[in-house]
There are 2 protein chains.
Amino acid sequence: MPQIKAINHVAVVVEDMEKSLAFWRDALGLTLHELRDVPAEKSQVAFLPLAGAEIELVMPTSDDSGIAKYLAKRGQGMHHLCLEVDDIAGMMMQLRSKNIRLINEEPRTAADGKRYAFIHPESTGGVLVELYQV
Amino acid sequence: MPQIKAINHVAVVVEDMEKSLAFWRDALGLTLHELRDVPAEKSQVAFLPLAGAEIELVMPTSDDSGIAKYLAKRGQGMHHLCLEVDDIAGMMMQLRSKNIRLINEEPRTAADGKRYAFIHPESTGGVLVELYQV
């Protein structure tokens, strides 16, 4: 049986990275591990690790990106919840068998080799859930 | 210096607890640790622990509760992010000194003795952040 092991990260969409870091890094005191441009997603991402899980701030760098459209429609706030799974292919098969609606029918592979897939909010109670096999 | 230690939980507002559990418990395979009525909040809460952090599903049990109003306005989805802190009073002092807007000016005490306080989404990039001293 494939198993969910942990929360990997919570992603937050933000309008203004510096203003958001003024809260998460400067006021709350989290460590900014990395601030990375992700041209493929037309976005900039800040990684703020905590014990066990990470907070990721995502800011669109272009108006025509998916994340910019989300921001225009929904405003700032939590965007998705990423869960670690030990067997992503097995988990996706299990979800399909329970009629859970998947956004990606097959796991995708990130630049760093991690495999991931998204589950549609329609099946989760409104949460965009990402699965991550690390 | 007060320090944020971990994500304690991610709270999700749901319309229909059984339908949501069909995803989180039955399809994803998380363990339902407890399903509790919280009359003071006019809500029902499901606790689904993972390594390190917990997912909490919150369903209003009355139309005049705060959570019902949130649900009517925003729909289902992630509601707040709870962070563990070792010194909540110190952290709140630090946040005030950085002009972060707090919802609770002083820490509140839950029925189980935990001290908590909320930070206003206006200061966090749209996320309702709860601090928890466990």
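This structure is a prediction, so every number in the text was calculated from the model and none was measured. (Residues numbered from 1 in each chain as written. Chains lettered and ligands numbered in written order. Predicted model: local features only at pLDDT ≥ 70, side-chain atom pairs only at ≥ 80, totals over all residues. Heavy atoms only, no water.)

S.K.: Can you help me understand the relation of the copies chain B and chain A in this one?
M.R.: Put simply, the second copy of the chain is the first one after a rotation about an axis and a shift along it. Aligned on chain A, chain B shows an RMSD of 0.0 Å; the corresponding rotation is 180 degrees and the shift along the axis is 0.0 Å. Here the two chains are linked by the operation of a two-fold rotation axis. The fraction of interface residues of chain B whose copies in chain A are also interface residues reaches 100%, indicating that both copies meet through the same surface. (Least-squares fit on C-alpha atoms with pLDDT ≥ 70 in both. Contact = heavy atoms within 4.5 Å.)

S.K.: Any chance you could explain the pattern of salt bridges here in plain terms?
M.R.: Where charged atoms of side chains with opposite charge meet at close range, the side chains can pair. All names here are of chain A. Tallied over the entire structure, the rule returns 14 salt bridges over all chains. A salt bridge links Glu 122 to Arg 101, with the nearest nitrogen and oxygen atoms 2.7 Å apart. Placement of the pair is Glu 122 in the loop between strand S7 (115-119) and strand S8 (129-133) and Arg 101 in the loop between helix H3 (88-97) and strand S6 (108-109), with a sequence separation of 21 residues. The exposed category is assigned to Glu 122, whose relative accessible area is 53%. By relative accessible area, which is 39% here, Arg 101 ends up partly exposed. Among the charged side chains, a salt-bridge network with shared partners connects Glu 18, Arg 25 and Asp 26. (Salt bridge = Lys/Arg side-chain N within 4 Å of Asp/Glu carboxyl O. Helix = DSSP H or I, 4+ residues; strand = E, 2+ residues; numbered from the N terminus. Buried < 20%, exposed > 50% of the residue type's maximum accessible area, 1.4 Å probe, protein only.)

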